[in-house]
Amino acid sequence: IAGLYASNEFQVTEKLKSILGVRVEQYNHFYTGADQQFASTNGQDGRFFDDEEVLNTFNVFPTANLIYNLKDNQNLRVSYSRTVARPSFKEKSNAQIADPITNTTFIGNIDLIETDINNFDLRWESYQDRGQTVALSVFYKQFSNPIELIAFAEATDNIRPENVGDA
């Protein structure tokens, strides 16, 4: 991962402040290993990966916070940010990992892609004596291509990560 981040605070009016930022990341994921599932289902030696790039993405992650000062000790805050959840090395692989305790087999998925996440927050905050804070918050998250563990219909003791629409 290579990344850069910039952020700045702006006093829009006497009561309204904004904090704006952006993070950019270049992410490269490399894999070395054999495709065990391909080999077993096709009766062949399978495909081999030797430090091959299996994920290459450039992401822009904006963030915005608007803070409205209701009173001297109270704020109303509205926030947005964009993030990503990347598949783990175990998930984005062709590994087959048996768990003797649960009697399940985890089968990696070399074709996984990142999960894009949009985060929305609304918060009322009140600052009390002695540094105490009281806050009420609500939030919403929107996921594109979330990664979930799926059991195979033909073998429920085998699980595999898959990208599954939206959440």
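Residues numbered from 1 in each chain as written. Predicted model: local features only at pLDDT ≥ 70, side-chain atom pairs only at ≥ 80, totals over all residues. Heavy atoms only, no water.

Participant: I tried to follow the overall build of the protein chain on my own but got confused; where do I start?
Facilitator: Summing up its helical and strand segments, the protein chain has one helix and 10 strands in all. Ordered by position from the N terminus, the helices and strands of the protein chain form the series β-β-α-β-β-β-β-β-β-β-β. The C-alpha atoms of the protein chain give 23 Å as radius of gyration, which overshoots the globular expectation for 167 residues (15 Å, by more than 25%). Seen through its principal axes, the protein chain has C-alpha atoms that stretch 70 × 35 × 30 Å. Every one of the 167 residues in the protein chain was classed for burial, and the buried ones make up 29%. Counting contacts in the protein chain only where the partners sit at least 6 residues apart, residues at least 24 apart contribute 53% of the total. (Helix = DSSP H or I, 4+ residues; strand = E, 2+ residues; numbered from the N terminus. Rg over C-alpha atoms; globule rule 2.2 N^0.38 Å. Buried < 20%, exposed > 50% of the residue type's maximum accessible area, 1.4 Å probe, protein only. Contact = heavy atoms within 4.5 Å.)

Participant: It is not clear to me how the packing of aromatic side chains should be interpreted in this structure. Could you clarify?
Facilitator: Ring pairs (aromatic) are described by centroid distance and by the angle formed between their planes. In total, this model carries three aromatic pairs according to the counting rule given. A ring pair is formed by Phe120 and Tyr140, whose centres lie 6.2 Å apart and whose planes are at 35 degrees; its orientation type is tilted. Taken together, the residues span a long stretch of sequence, with Phe120 in strand β7 (residues 115-127) and Tyr140 in strand β8 (residues 133-144) at a distance of 20 residues. Of the residues examined, Phe120 reaches a relative accessible area of 36% and is grouped as partly exposed. When the ring centre of Tyr27 is taken as origin, the NZ or CZ atom of Arg86, which lies over that ring, is 4.3 Å away. Against the face of Phe106 rests Lys90, its NZ or CZ located 4.4 Å from the ring centre. (Phe/Tyr/Trp six-rings, centres within 6.5 Å; stacked < 30°, edge-to-face > 60°. Lys NZ or Arg CZ within 6 Å of the ring centre and 35° of its normal.)

Participant: When you look at a nonpolar patch on the surface in this model, what are you seeing that I'm missing?
Facilitator: Taken together, Leu66, Tyr68, Leu70, Leu76, Val78, Leu122 and Val138 make up a surface patch of nonpolar side chains, about 550 Å² in accessible area. Elements that contribute at least two residues to the nonpolar patch include exactly β3 (48-71) and β4 (74-85). Of all the elements, β3 adds the most residues to the nonpolar patch, at three residues. Of note, Val138 is situated in strand β8. (Patch = residues over 30% accessible without salt bridge, like charges linked within 9 Å, V, L, I, M, F, W, Y side chains within 5 Å. Areas by Shrake-Rupley, 256 points an atom, 1.4 Å probe, with all protein chains shown as cover. Salt bridge = Lys/Arg side-chain N within 4 Å of Asp/Glu carboxyl O.)

Participant: Teacher, can you tell me more about the sheet that holds β8 here?
Facilitator: Backbone-to-backbone hydrogen bonds join strands into a sheet, with any given pair of strands oriented parallel or antiparallel. With antiparallel pairing, the six strands of this open sheet are ordered in space as β1-β2-β3-β4-β7-β8. Pairing within the sheet leaves two strands with one partner each, and these edge strands are β1 (2-11) and β8. Across the sheet, the mean angle separating the axes of adjacent strands is 10 degrees when strand polarity is ignored. Here β4 pairs with β7 via 12 bridges, running antiparallel. Residue pairing in the sheet places Ala85 in a bridge with Thr115 of β7. (Pairing = 2+ DSSP bridges. Axes fitted to C-alpha atoms, helices over the stretch in contact; angles between N-to-C directions.)

Participant: What is the right way to look at the sheet that holds strand β10 (residues 158-163) in this model?
Facilitator: The four strands lie next to each other as β5-β6-β10-β9, forming an open sheet whose pairing is mixed. Each edge of the open sheet is held by one strand with a lone partner, namely β5 (96-99) and β9 (147-151). Averaged over all neighbouring strand pairs, the angle between strand axes comes to 30 degrees, with direction disregarded. Pairing between strand β6 (residues 104-107) and β10: two bridges, direction parallel. Opposite Phe106, over in β10, you have Ile159 as the bridge partner.

The quantities given are spatial measurements derived from coordinates; they are silent on function.
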